[in-house]
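Architecture and fold: a report
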Number of protein chains: 2
Amino acid sequence: MNERAVILDAETKVAERPADHEAELRLWLRLLTCTTLIEGEIRSRLRDTFDVTLPRFDLMAQLDKAPTGMTLGELSKRMMVSNGNVTGLVERLAALNLLERKPSPTDRRAQIVSLTAEGRRTFRAMARTHESWIAEIFAGLARGDIDQLMALLAKTKMSARAAVHGEAA
Amino acid sequence: MNERAVILDAETKVAERPADHEAELRLWLRLLTCTTLIEGEIRSRLRDTFDVTLPRFDLMAQLDKAPTGMTLGELSKRMMVSNGNVTGLVERLAALNLLERKPSPTDRRAQIVSLTAEGRRTFRAMARTHESWIAEIFAGLARGDIDQLMALLAKTKMSARAAVHGEAA
DNA sequence: CGTAAAAATTTTAAGCTTAAAATATTTCAG
DNA sequence: CTGAAATATTTTAAGCTTAAAATTTTTACG
């Protein structure tokens, strides 16, 4: 007759009540809102100030951390995006002389991608400004807040990873 | 000669040292990683289980909260996406009979969008499962963790909003 | 060696997303 | 009332993103 008020039969092992997880849902929405807000602001400033997209900036950031370059697959894994996505981004950045592709000496299927001198110079300049934007955006948090958030997000990441990979405990 | 070791001229009012904001930068990357991880999992489950995309689910969620419907502009604002984006999403959902568009009785420029009966039924079913996924993903957090995170993210959102709108304090 | 499975990458098709320009309508000052 | 500014929406062009299929090369088993 109705959905939630039924007194469950004694046979029922685990009560099948809706078990509302409102708190988790609200947390997820807030997390998403925060990230979307900040990401949008960074995206907008990158475009207006440096005429670059966030995915391109992210890709260059990965390469900047790997002086000897890395394969497309490695890039894909670190950026958490699909292989085909990286193919296109690398294509466009290469056309701008910001990075170069060289065949892997050990595997003819793979390519090694690395920043050009110009790419490195360009990225470093953008990164400096980017860091100051991040500082500005998080300026309302005290040092202790940041530490607490870091710890809680680490816990969140572990929890999410457990759900993403096998449900296995 | 070098970038950061120069002893600054006595005239220099505020030292222009890099003032590294490494902590904020790491926090931002962790926030982004968490959100990307969870969002990807939800996206994947929505596709596999209900053959629906996350943007469509989000749009339907907004409409479900507004029984009398809302305009495209209102939807755009609440979803934090562009107007043109909403136009396309609504187009595709309308083609599936999940929502309907009616001209606003008071403004001939605007349309009122609302879920159809089928759309509402479909959304409610998906939402129930979606909530259980979220609970699963955040299962590793204790109740206290959730409350702390909520509070810290509220603070983060306020800080970000201050940076997004006028720098004005 | 020969071949089947695995791995790295690209291609394809579809959909999402945005900024900017264009269109249509409303509001409001004079 | 009239025209200018504001508002709601759509269109356009470009780029991002994914999943799935296709291609090329490597690995490894027998």
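Our subject is the structure that appears above.
Residues numbered from 1 in each chain as written. Chains lettered and ligands numbered in written order. Predicted model: local features only at pLDDT ≥ 70, side-chain atom pairs only at ≥ 80, totals over all residues. Heavy atoms only, no water.

Structural notes on the relation of the copies chain A and chain B
Put simply, the test is: Only residues with pLDDT of at least 70 in both copies count here: their C-alpha atoms drive the least-squares fit that superposes the copies. Contacts are assigned to residue pairs that have any heavy atoms within 4.5 Å of one another.
Least-squares fitting of chain A to chain B yields an RMSD of 0.0 Å, with the transformation described by 0.0 Å of translation along the axis and a rotation of 180°. The superposition of one copy onto the other is thereby described by a two-fold rotation axis. When the interface residues of chain A are mapped onto chain B, 100% of them again lie at the interface, so the same face is used by both copies.

Regarding the protein's contact with DNA strand D
Filter applied, for reference: When at least one non-hydrogen atom of a residue lies within 4 Å of a molecule or strand, that residue is treated as near it. Within 3.5 Å is the distance limit for a polar contact, defined as a pair of N or O atoms, with the added protein rule that one can donate a hydrogen and the other accept it, and that residues adjacent in sequence qualify only through two side-chain atoms. Only runs of H or I of at least four residues qualify as helices and only runs of E of at least two qualify as strands under DSSP, and these elements are numbered from the N terminus. Gly falls in the polar group here, along with every residue not listed as nonpolar (Ala, Val, Leu, Ile, Met, Phe, Trp, Tyr, Cys, Pro) or charged (Asp, Glu, Lys, Arg).
With respect to spatial proximity, 23 residues lie near DNA strand D, and among them Arg92(A), Leu72(B), Gly73(B), Asn83(B) and Arg109(B) are the closest. For DNA strand D, the fraction of protein-proximal atoms (within 4 Å) that sit in sugar or phosphate groups is 75%. Between a phosphate oxygen of DNA strand D and a main-chain N or O atom of Ser82(A), the distance comes to 2.8 Å. Leu72(B) places a polar main-chain atom, nitrogen or oxygen, 3.3 Å from a phosphate oxygen of DNA strand D. Only helix H2 (54-64) and helix H4 (83-95) of chain A together with helix H3 (72-79) and helix H4 (83-95) of chain B provide two or more residues apiece to the surface near DNA strand D. The greatest single-element share of the surface near DNA strand D, amounting to 4 residues, is contributed by H4(A). Grouping the amino acids of the surface near DNA strand D by side-chain chemistry returns 6 nonpolar, 10 polar and 7 charged.

A word on the sheet that holds strand S3 (residues 111-115) of chain A
Residue and element names in this part refer to chain A. Rules: Strands were regarded as paired on the criterion that DSSP finds at least two bridges between them. Interaxial angles span 0 to 180 degrees and are taken between N-to-C directions of axes, which are lines fitted to C-alpha atoms, for helices over the stretch in contact.
Taken together, 3 strands build an open sheet; the order of strands is S1-S3-S2 and the sheet is antiparallel. Unpaired on one side and paired on the other, strand S1 (70-71) and strand S2 (99-103) mark the two borders of the sheet. Direction of pairing for S2 relative to S3: antiparallel, over a ladder of 5 bridges. Opposite Pro103, over in S3, you have Gln111 as the bridge partner. Most of the contacts of H2 go to S3, to which it runs at about 95°, and overall it touches S1, S2 and S3.

Describing the protein's contact with DNA strand C
Close to DNA strand C lie 23 residues; Leu72(A), Gly73(A), Asn83(A), Arg109(A) and Arg92(B) are nearest. Gln111(A) places a polar side-chain atom, nitrogen or oxygen, 2.8 Å from a phosphate oxygen of DNA strand C. Here a base oxygen of DNA strand C and a side-chain polar atom of Arg109(B) are 3.2 Å apart. When residues of the surface near DNA strand C are traced back to their parent elements, those giving at least two are helix H3 (72-79) and H4 of chain A together with helix H2 (54-64) and H4 of chain B. Examining the composition of the surface near DNA strand C, we find that 4 residues originate from one element, H4(B), more than from any other. Its residues assigned to classes, the surface near DNA strand C comprises 6 nonpolar, 10 polar and 7 charged.

A look at the sheet that holds strand S3 (residues 111-115) of chain B
Residue and element names in this part refer to chain B. Read from one edge of the open sheet, 3 strands run S1-S3-S2, paired in antiparallel fashion. Only two strands of the sheet have a single partner each, and these edge strands are strand S1 (70-71) and strand S2 (99-103). Here S1 runs beside S3; their pairing, made up of 2 bridges, is antiparallel. The partner of Thr71 across the bridge, within S3, is Ile112. Against the sheet, H4 touches S2 and S3, its axis set at about 115° to S2.

Observations concerning the packing of helix H1 (residues 22-50) of chain A against H2(A)
All names here are of chain A. This is how it is decided: Here the word oblique covers every angle except those under 35 degrees (roughly parallel), over 145 (roughly antiparallel) and from 65 to 115 (roughly perpendicular).
Contact pair H1 / H2: the axes reach a minimum separation of 9 Å and the direction vectors enclose 90°. Relative to H2, the element H1 lies roughly perpendicular. Residue-level contacts link Glu39, Ile42, Arg43 and Leu46 of H1 to Leu54, Pro55 and Phe57 of H2. For the contact of H1 with H2, the residue count by class is 5 nonpolar, no polar and 2 charged.

Overview of the environment of Thr49(B)
Along the polypeptide, Thr49(B) turns up in helix H1 (residues 22-50). As for Thr49(B) and Met126(B), which are separated by 77 residues in sequence, their C-alpha atoms are 8.9 Å apart.

Here's the deal with the interface of chain A and chain B
Quoted interface sizes are often the accessible area lost when the parts come together. Put simply, the rule reads: Using a 1.4 Å probe, buried area is obtained as the accessible area two parts lose upon being combined, added over both of them. Throughout this description, the term salt bridge denotes a Lys or Arg side-chain nitrogen within 4 Å of a carboxyl oxygen of Asp or Glu.
With 52 residues of chain A at the contact, the number on the chain B side is 52 residues. Between chain A and chain B lies a buried interface of about 5700 Å² when both sides are counted; carbon and sulfur atoms form 74% of it. Summed over the shared surface of chain A and chain B, the result is 2 salt bridges. Between Lys155(B) and Asp145(A) there is a salt bridge, and its shortest N-O distance comes to 2.8 Å. Taken together, the links from chain A to chain B amount to 15 residue pairs in polar contact (both at pLDDT 80 or more). Where the side of chain A that touches chain B is concerned, the elements lending two or more residues are H1, helix H5 (117-137) and helix H6 (143-164) of chain A. If one sorts the elements of the side of chain A that touches chain B by residue count, H1(A) sits on top with 19 residues. When grouped by side-chain class, the residues that make up the side of chain A that touches chain B number 25 nonpolar, 9 polar and 18 charged.

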